[in-house]
Amino acid sequence: MGKRVRISNEILNSYGTRIMTDGLDITQFQRNPVLLFMHERGRVIGLVKDIRKENGEVTGELEFDEASPESIRAKKQFEFGSLRMVSAGIDIMEMSDDPTLLLVGQTRPTITKSKLVEVSVVDIGGNDDALVLSRDGSRLELGKDGSNLLPLIDTPNLKNNMELSKLALSLGLAATASESEVEAKIAELRAAMQEVVTLRAEKEQLTLSAITQAVEAGVAERRIPADKKDHFIALGKTAGIDTLRETIAAMTPAQKVTAVLNRGGAAAQTPGSYRKLSEVPSDKLEAMRRDDRETYVALFKAEYGFEPSFKEEE
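What you see is a predicted model; the values in this text were computed from it and never measured.

Examining the nonpolar core
Counting residues in hydrophobic clusters, the biggest one holds 27 residues, and the most contacted among them are Leu62, Leu116 and Val121. Listing elements by their share of this core, those giving two or more residues are strand S1 (3-9), strand S3 (34-37), strand S4 (40-54), strand S5 (57-64), helix H2 (69-80), strand S6 (85-96) and strand S7 (110-122). Apart from the residues lying within four places of it in its own chain, the contact partners of leucine 116 are Ile7, Leu24, Asp25, Ile26, Phe29, Ala88, Gly89 and Ile90.

Topic: the confidence of the model for the chain
In regions of low pLDDT, the predicted coordinates are not meant to be interpreted in detail. Residue-level pLDDT values for the chain average 81, and 81% of them are 70 or greater. Ranking the elements of the chain by mean pLDDT puts helix H7 (residues 257-261) last with 51 and strand S2 (residues 24-25) first with 95. A low-confidence stretch, residues 141-148 (pLDDT under 50), is modelled with 12 contacts involving residues beyond four sequence positions or located in other chains. Below a pLDDT of 50 lies the segment residues 264-268, which in the model reaches two contacts outside its immediate sequence neighbourhood of four places, other chains included.

Notes on the packing of helix H5 (residues 229-239) against helix H6 (residues 241-250)
Interhelical geometry of H5 versus H6 gives an angle of 135° and a closest axis separation of 6 Å. The pairing of H5 with H6 is recorded here as oblique in orientation. Two secondary-structure elements touch here, H5 through Phe232, Leu235, Gly236 and Ala239 and H6 through Ile241, Thr243, Leu244 and Thr247. Residues of the contact of H5 with H6, tallied by class, amount to five nonpolar, three polar and no charged.

Notes on the pairing of S4
Sheet topology places S3 next to S4; four bridges connect them, and they run antiparallel. Looking at the pairing, valine 34 lines up with leucine 47 of S4. In this structure, the hairpin formed by S3 and S4 is closed by a connection of two residues, where methionine 38 is found at a positive phi of approximately 55°. Bridge count for S4 against S5 is seven bridges, and the pairing is antiparallel. Note that in S5 the partner of lysine 49 across the bridge is glutamate 61. The loop that links S4 with its antiparallel partner S5 comprises two residues; one of these, asparagine 55, has a positive phi angle of about 55°.

Examining the environment of glutamate 216
One can find glutamate 216 in helix H4 (residues 179-220). A relative accessible area of 39% places glutamate 216 in the partly exposed class. The sequence separation of glutamate 216 and alanine 226 amounts to 10 residues, and the corresponding C-alpha distance is 8.6 Å. There is a polar contact of 3.1 Å between the side chain of glutamate 216 and the side chain of lysine 229.

About the criteria used
- Residues numbered from 1 in each chain as written.
- Predicted model: local features only at pLDDT ≥ 70, side-chain atom pairs only at ≥ 80, totals over all residues.
- Heavy atoms only, no water.
- Core = buried A, V, L, I, M, F, W, Y, C linked by side-chain atoms within 4.5 Å.
- Buried < 20%, exposed > 50% of the residue type's maximum accessible area, 1.4 Å probe, protein only.
- Helix = DSSP H or I, 4+ residues; strand = E, 2+ residues; numbered from the N terminus.
- Contact = heavy atoms within 4.5 Å.
- pLDDT = per-residue confidence, 0-100.
- Axes fitted to C-alpha atoms, helices over the stretch in contact; angles between N-to-C directions.
- Parallel < 35°, antiparallel > 145°, perpendicular 65-115°, else oblique.
- Nonpolar A, V, L, I, M, F, W, Y, C, P; charged D, E, K, R; others polar.
- Pairing = 2+ DSSP bridges.
- Polar contact = N/O pair within 3.5 Å; in protein donor to acceptor, adjacent residues only side chain to side chain.

In structure tokens:
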């Protein structure tokens, strides 16, 4: 059994074009499956057997006839591995610049219909000599300095197609995705982004509500002065709700001045131990009037029979 090799496929070649496998006619070649050396007529070194066209490529098995030193040498080099590539000689029948057939980087029309004429053993595949194409009976020189070039694809359309292909790939689509498919994907991503924005806004609102409730609870527990409410809300936004709660929990609730003044030693009295205003020490009386008016009013009324007026202080 000979060595199976790839004769042609649909990848972009070094000349800016590609050959569609379905449109490659191998009927004539199957009748005369000649194997040449470097695309030169008269240098037949064998045959190509069991030619198959499947999975987007054409393959075959090489069989060297060993009828010449060149064939013997080529066979040994293939077995050794110093020669390992073949190249197809193809006649072009039809071409197309249909954007759906173009690949990224393609600059010349896609060959949609063609005919396989011969297969050659070559030393380097994909160079200026490794792919031989002919059109209207003339061989095409596809090198950058060659003549009779395949026509270039219309530049604006090519540019637009390349940009569309790049955009499609960036969106996770196939490079051949249509404009409508790309637009649908963009719309899908925009909807997903809007959903993320909405969820983020809802989360921020819930977080702010929790922060505000924690601060208001701290104010009610006299852990936070009322005039510092905004400061602690800002702290919660920056440090997070958990840190805010830990901070508030670590703060000692403020006590009424009378409770502080009357707490402690033997001479101290609790606020409830005073029966009337004259029993309150003079050094504590002003603090009680300022910070604990409820007690002050009760003791004043007990002393004088009516409530004091604070109009001059308001």
